[in-house]
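Each chain is listed here by its residues.
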Amino acid sequence: QVRLAESGGGLVLPGESLRLSCTASGMRFQPTAMAWYRQAPGKEREWVAGIYPSGLTKYEDSVKGRFVISKDNGNNAVYLQIYSLKPEDTAVYSCKFVFPYGDLWGQGTQVTVSS
């Protein structure tokens, strides 16, 4: 059974950086895509970044220039580097792996940006 586990969240000051990790266990096939989503308090979950086997990356417009998604196929991992964190980045960040048979989600990691 494939499972995803996120890590790297926490409480940070505005302007600081953070690197989120999402590692898969029990994975036998490479996903067709990997992505990060976030859900802020009182809001719906939103997609923020995606990466494909080719290395192609895509970003939601509001995070371009501050968020960088990357992957490590050897470690079955996807990362999200966030620079210049803002209070509005406060959310639960979740990763998603897309497979031909369906999507797999991690449990999420809380990121809180506050002074």
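For the structure itself, consult the block above.
Given the structure is predicted, the values throughout are model-derived calculations rather than measurements.

## Brief notes about the overall build of the protein
The secondary structure content of the protein amounts to zero helices and eleven strands. Reading the secondary structure of the protein in the N-to-C direction produces β-β-β-β-β-β-β-β-β-β-β. Computed over the C-alpha atoms, the radius of gyration of the protein is 14 Å, within 12% of the 13 Å expected from 2.2 N^0.38 for a compact globule of 115 residues. Relative to its 115 residues, the protein shows a buried fraction of 43%. For the protein, the share of sequence-separated contacts (at least 6 apart) that also reach a separation of at least 24 residues comes to 52%. When the accessible surface of the protein is summed, it comes to about 6200 Å², and 49% of that surface belongs to carbon and sulfur atoms.

## Here's the deal with the pattern of salt bridges
Throughout the structure, instances matching the rule amount to five salt bridges. Among the ionic pairs, Glu-46 bridges to Arg-38, the shortest N-O distance being 2.7 Å. For Lys-64, the salt bridge identified is with Asp-61, shortest N-O distance 3.1 Å. One connected set of salt bridges, linked through shared partners, spans Arg-38, Glu-46, Arg-66 and Asp-89.

## Let's talk about the environment of Gly-106
Structurally, Gly-106 can be placed in the loop between strand S10 (102-105) and strand S11 (109-113). Through-space distance from the C-alpha of Gly-106 to that of Tyr-93 is 9.2 Å; in sequence the pair is 13 residues apart. Residues contacting Gly-106, with those up to four places away along its chain left out, are Leu-4, Glu-6, Ser-94 and Cys-95.

## Overview of the state of the cysteines
In this structure the tally under the stated criterion is one disulfide. Between the sulfur atoms of Cys-22 and its disulfide mate Cys-95 the distance is 1.9 Å. The S-S bond linking Cys-22 to Cys-95 shows a torsion near 60°; that makes this disulfide right-handed. With Cys-22 in strand S3 (residues 18-25) and Cys-95 in strand S9 (residues 91-99), the pair connects residues that are 73 residues apart, well separated along the chain. Neither residue differs from the other here; Cys-22 and Cys-95 are each classed as buried.

Each value, and the rule that gives it
- Residues numbered from 1 in each chain as written.
- Predicted model: local features only at pLDDT ≥ 70, side-chain atom pairs only at ≥ 80, totals over all residues.
- Heavy atoms only, no water.
- Helix = DSSP H or I, 4+ residues; strand = E, 2+ residues; numbered from the N terminus.
- Rg over C-alpha atoms; globule rule 2.2 N^0.38 Å.
- Buried < 20%, exposed > 50% of the residue type's maximum accessible area, 1.4 Å probe, protein only.
- Contact = heavy atoms within 4.5 Å.
- Areas by Shrake-Rupley, 256 points an atom, 1.4 Å probe, with all protein chains shown as cover.
- Salt bridge = Lys/Arg side-chain N within 4 Å of Asp/Glu carboxyl O.
- Disulfide = S-S within 2.5 Å.

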